[in-house]
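Architecture at a glance
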Amino acid sequence: AQKVTQAQTEISVVEKEDVTLDCVYETRDTTYYLFWYKQPPSGELVFLIRRNSFDEQNEISGRYSWNFQKSTSSFNFTITASQVVDSAVYFCALSEFSGFGNEKLTFGTGTRLTIIP
Amino acid sequence: SQTIHQWPATLVQPVGSPLSLECTVEGTSNPNLYWYRQAAGRGLQLLFYSVGIGQISSEVPQNLSASRPQDRQFILSSKKLLLSDSGFYLCAWGVAGVYEQYFGPGTRLTVT
């Protein structure tokens, strides 16, 4: 069975510091997808990124970057020069490739990030 | 562009009362639809998902049921609410073969 672990329950950093959110996953499939979502105080989950298991290239989008390492089953998320607007709960998720009609996500328990002004 | 709506935004219901939460999606056809529950301070639990009208898969045996009467409408129901049904209910949609899901604004349910 697939599993996603976010060991960091809560993190607080001072504004402009860099912060990394950890995500470790377990799956028996060789083809799978990894995701990060942001949940601001309003509650709606916002999709940030999807990575395929066969593409280990790191990705950067503005102040956000993602480090995918299959050797350690990790998909970590780094925010550079954090801002107060980054305060939210961040979820990592996994979906095994199981064909049409079975596209389900398994979520981690989330990391609450607080940026202190 | 695609938009997902949920209502009501908040709801306070007594134990034993019925429940109906509605979710609709605009701007796409034949989406996969999902209901999740998020208990306070916890992760997301998938409750139901649907790949088409009248097709519902249940992930967790419970006091809730789901229906999909129209292509872009997904309804979560209960005949008698329990205290443990309190939580934040999120609807999401996705495209078959594309694994990311897009979430609605959620309904915060408090059962008293």
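Structure shown above.
Source: prediction; values computed, not measured. (Residues numbered from 1 in each chain as written. Chains lettered and ligands numbered in written order. Predicted model: local features only at pLDDT ≥ 70, side-chain atom pairs only at ≥ 80, totals over all residues. Heavy atoms only, no water.)

Overview of the overall build of chain B
Counting its regular elements, chain B contains zero helices and eleven strands. Helices and strands in chain B line up, N terminus first, as β-β-β-β-β-β-β-β-β-β-β. In terms of overall dimensions, chain B is globule-like: its C-alpha atoms have a radius of gyration of 13 Å, near the 13 Å expected for 112 residues. Expressed as a percentage of contacts within chain B between residues at least 6 apart in sequence, the contacts between residues at least 24 apart total 54%. (Helix = DSSP H or I, 4+ residues; strand = E, 2+ residues; numbered from the N terminus. Rg over C-alpha atoms; globule rule 2.2 N^0.38 Å. Contact = heavy atoms within 4.5 Å.)

With respect to the interface of chain B and chain A
Facing the 23 residues of chain B at the interface are 25 residues of chain A. Regarding the contact of chain B and chain A, the summed buried area is about 1,900 Å², with carbon and sulfur atoms giving 57% of it. Where chain B touches chain A, the interface holds two salt bridges. Close ionic contact of Glu59 of chain B with Lys104 of chain A constitutes a salt bridge, the shortest N to O distance being 3.2 Å. Summed over the shared surface of chain B and chain A, the result is four residue pairs in polar contact (both at pLDDT 80 or more). (Buried area = accessible area lost by both parts, 1.4 Å probe. Salt bridge = Lys/Arg side-chain N within 4 Å of Asp/Glu carboxyl O. Polar contact = N/O pair within 3.5 Å; in protein donor to acceptor, adjacent residues only side chain to side chain.)

Examining the side chain of Asp86 of chain A
Residue and element names in this part refer to chain A. You can see Asp86 is positioned in the loop between β9 (74-79) and β10 (88-96). Side chain to side chain, Asp86 and Arg63 meet in a polar contact 2.8 Å long. Setting aside anything within four residues of it in sequence, one finds Asp86 in contact with Lys38, Arg63, Tyr64, Ile79, Leu113 and Ile115.

A word on the state of the cysteines
All names here are of chain A. Taken as a whole and judged by the stated rule, the model has two disulfides over all chains. A sulfur-sulfur distance of 1.9 Å marks the disulfide that ties Cys23 to Cys92. Taking the torsion about the sulfur-sulfur bond, which here is approximately -65 degrees, the covalent link between Cys23 and Cys92 counts as left-handed. Of this pair, Cys23 sits in the loop between β3 (19-21) and β4 (24-26) while Cys92 sits in strand β10; the two residues are 69 residues apart in sequence, bridging distant segments of the chain. (Disulfide = S-S within 2.5 Å.)

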